[in-house]
Amino acid sequence: MTDAVLSPCFVYLDNNATTRVRPEVVEAMLPHFGTLFGNPSSMHTCGGVVATQIRDARAHVARLVGAEPEEIVITSGGTESDNMAIRGVLEADGGKRHVVTTKVEHPGVLSTAKWLAGKGCDVTLLDVDGAGRLDLDAYRRALRPDTAVVSVMWANNETGVLFPVEEMAAIAHDRGVPFHTDAVQAVGKIPIRLKETAIGMLSLSGHKLHGPKGVGALYVRSGTRIAPLLYGGHQQQGLRPGTENVPGIIGLGTAARLALEEMATGVPRVRALRDRLENALLAAIPRTAVNGDRDRRLPNTTNMSFEFIEGEAILLRMNELRIAASSGSACTSGSLEPSHVLRAMGVPFTMIHGSVRFSLSTFTTAQEIDYVIEHFPGIVADLRAISPYWK
Ligand code: PLP
């Protein structure tokens, strides 16, 4: 193994789960655990210095998604942002009780929708096709006069498939329905200019873009009627009260600034590495497929199935070789069920069980990809040799 492979100890290809915090982010956060401890709401300079830095951080987040700083509400992450968007709009509206979302959302949205259904809301879950794509005619038909909110993810966390959320938001806007997108996996990986869209709310999360965990944001377009999840002080116009997670916000702002600076150069490099990995594994390993639309995908993600072997076994063998990735088969993500995303796509069970998600980042090196290309086919061959289903 080269030094690059050993650093920071694993070939880390699980960046859709979480990302390595950038050193610049850590550096920006550190003073906020030391000398810069003031409360940003305080009148004195100890607080004022911190308040100014929070303003700057908010502006960086806004710039990354092409919005205004006043439209950024800082939250504890993607899950809170998803909850706040959907529940906040329903709460503010009062009358309408119909929610439209998809079968392949992250639990941040799906569990919220399920909870709302238990509270008497009517929830429509849109299907996807075999490539993980939505049917826009079915979407148009799903919208009703009593639809309170639509929530559709920008990029799927398991397959990387991108949904046409800008078009979908425009359709919702024409019908007067607020549109939320969970863009936790998209922000920092693809250009986003919210001002040029009809998207009303967007969730993002710090730890998916080389920032800290436990901090994120909800973009709320000016004029959107939305109620808070929490009640308390005046912070963030009362929409998300509570003394701010200052180090987290500073880290998020720094990560957002760097993500935007790197977008033009870093993203094509990551895409090229992802394609190299995917094409090499497809060529070297029989009975292998890519799950999801290969043309409309995040640049860093590939979800591949290796028929007749278990994802768990693949992950364990990869772990021995110090390669980190994840699987859509059962038990690998604390779930007893295999991936709801791959099931919604109709991927056969023999393929779901052998699915592996490789997700790269700007820290991924060519040597690391070559290391995986060298060793991964052997793992599959070994496991198939002991599989009762492989002939
Ligand atoms: N939405 C998507 C698409 C995600 O991938 C994730 C995290 O995996 C979340 C929401 C939740 O974000 P957080 O971990 O910040 O709560």
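As the structure is a prediction and not an experimental result, all values here were calculated from the model. (Residues numbered from 1 in each chain as written. Predicted model: local features only at pLDDT ≥ 70, side-chain atom pairs only at ≥ 80, totals over all residues. Heavy atoms only, no water.)

Considering the nonpolar core
Working step 1: Tyr139, Trp154, Phe179 and Leu202 are the most contacted members of the largest nonpolar core, which totals 65 residues.
Working step 2: With 9 residues, the single largest contributor to this core is helix α8 (residues 246-284).
Working step 3: There are two domains that each give this core at least three residues, and those are domain 1 (3-20 + 264-385) and domain 2 (23-258).
Working step 4: Ignoring any residue separated from it by four or fewer positions in sequence, one finds Phe179 in contact with Tyr139, Val150, Val152, Val165, Met168, Ala169, Ala172, Ile199, Gly200 and Met201.
Working step 5: Residues Met318, Phe358, Ile369 and Val372 belong to the second largest nonpolar core, which totals 26 residues. (Core = buried A, V, L, I, M, F, W, Y, C linked by side-chain atoms within 4.5 Å. Buried < 20%, exposed > 50% of the residue type's maximum accessible area, 1.4 Å probe, protein only. Helix = DSSP H or I, 4+ residues; strand = E, 2+ residues; numbered from the N terminus. Domains from an automatic or database assignment. Contact = heavy atoms within 4.5 Å.)

Some thoughts on the packing of aromatic side chains
Working step 1: This structure, assessed with the given rule, holds 2 aromatic pairs.
Working step 2: Aromatic pair Phe358 and Phe376: ring centres 5.5 Å apart, planes at 75 degrees, arrangement edge-to-face. Taken as a pair, Phe358 in strand β12 (residues 355-359) and Phe376 in helix α12 (residues 366-385) lie far apart in primary sequence, 18 residues in all.
Working step 3: Phe358 sits in the buried class, given a relative accessible area of 0%.
Working step 4: Through successive ring pairs, a cluster of aromatic residues spans Phe306, Phe358 and Phe376.
Working step 5: A cation over an aromatic ring shows up here: Arg20 above the ring of Phe363, its NZ or CZ 4.5 Å from the ring centre. (Phe/Tyr/Trp six-rings, centres within 6.5 Å; stacked < 30°, edge-to-face > 60°. Lys NZ or Arg CZ within 6 Å of the ring centre and 35° of its normal.)

Some remarks on the pattern of salt bridges
Working step 1: A full pass over the atoms with the stated rule returns 20 salt bridges.
Working step 2: Here Arg144 ties to Asp122 by a salt bridge, and the two come within 3.0 Å at their closest N and O atoms. Of this pair, Arg144 sits in the loop between α6 (136-142) and β5 (147-151) while Asp122 sits in strand β4 (residues 122-126), and the two are 22 residues apart along the sequence.
Working step 3: What makes Asp122 partly exposed here is its relative accessible area of 37%.
Working step 4: Linked through salt bridges whose partners overlap, the residues forming this network are Asp122, Arg144 and Asp146. (Salt bridge = Lys/Arg side-chain N within 4 Å of Asp/Glu carboxyl O.)

Here we look at the confidence of the model for the protein chain
Working step 1: When the pLDDT values of the protein chain are averaged, the result is 95; 96% of them are 70 or greater.
Working step 2: Every residue in residues 1-7 is under pLDDT 50, and counting partners more than four places away or in other chains gives 14 contacts. (pLDDT = per-residue confidence, 0-100.)

Focus: the sheet that holds strand β10 (residues 301-306)
Working step 1: Read from one edge to the other, the open sheet built from 3 strands follows the order β9-β10-β12, with strand pairing classed as antiparallel. The open sheet has two edge strands with one neighbour each: β9 (288-290) and β12. Averaged over all pairs of adjacent strands, the angle between strand axes in this sheet comes to 25 degrees, irrespective of strand direction.
Working step 2: Pairing analysis gives 3 bridges linking β9 to β10, with the strands arranged antiparallel. Among the inter-strand pairings, Thr288 is bridged to a residue of β10, identified as Phe306. (Pairing = 2+ DSSP bridges. Axes fitted to C-alpha atoms, helices over the stretch in contact; angles between N-to-C directions.)

With respect to the sheet that holds strand β3 (residues 98-102)
Backbone hydrogen bonds are what pair the strands of a sheet, in a parallel or an antiparallel way.
Working step 1: In space, the 7 strands of this open sheet follow the order β2-β8-β7-β6-β5-β3-β4, with mixed pairing throughout. Of all strands in the sheet, those with a lone pairing partner are β2 (72-75) and β4, marking the two edges. Geometrically, the sheet is characterised by an average inter-axis angle of 20 degrees between neighbouring strands, direction not taken into account.
Working step 2: Relative to strand β7 (residues 201-205), strand β6 (residues 179-182) runs parallel, the two being bridged by 3 bridges. Its bridge partner lying in β7, His180 is registered against Met201.
Working step 3: Across the face of the sheet, helix α4 (residues 78-93) comes into contact with β2, β3, β5, β6, β7 and β8 (216-220) while running at roughly 160 degrees to β7.

A few points about the site of the ligand
Working step 1: Taken together, 13 residues surround the ligand, and among them Thr79, Asp182, Gln185, Ser205 and Lys208 come closest.
Working step 2: A distance of 3.3 Å separates an oxygen atom of the ligand from a polar atom in the side chain of His106.
Working step 3: Asp182 is positioned with one of its side-chain polar atoms (N or O) 2.6 Å from a nitrogen atom of the ligand.
Working step 4: Contact with the protein chains covers 85% of the free accessible surface of the ligand, which is 390 Å².
Working step 5: A total of 3 residues in the shell around the ligand trace back to one element, the largest contributor, which is α4.
Working step 6: The class makeup of the residues in the shell around the ligand is 2 nonpolar, 8 polar and 3 charged. (Near = heavy atom within 4 Å. Polar contact = N/O pair within 3.5 Å; in protein donor to acceptor, adjacent residues only side chain to side chain. Areas by Shrake-Rupley, 256 points an atom, 1.4 Å probe, with all protein chains shown as cover. Nonpolar A, V, L, I, M, F, W, Y, C, P; charged D, E, K, R; others polar.)

Observations regarding the environment of Val187
Working step 1: Relative to the assigned elements, Val187 resides in the loop between β6 and β7.
Working step 2: Between the alpha carbons of Val187 and Val61 there is a distance of 9.9 Å; along the sequence they are 126 residues apart.
Working step 3: The residues contacting Val187, other than those within four sequence positions of it, are Leu64, Val65, Ile192, Leu202, Leu204 and Leu209.

Considering unusual backbone geometry
Working step 1: Within the chain, His210 stands out as a residue other than glycine whose phi angle is a positive 65 degrees.
Working step 2: Its location among the elements puts His210 in the loop between β7 and β8.
Working step 3: The class for His210 is buried, based on a relative accessible area of 7%.
Working step 4: A positive phi angle is found at Arg322, which is not glycine, with a value near 60 degrees.

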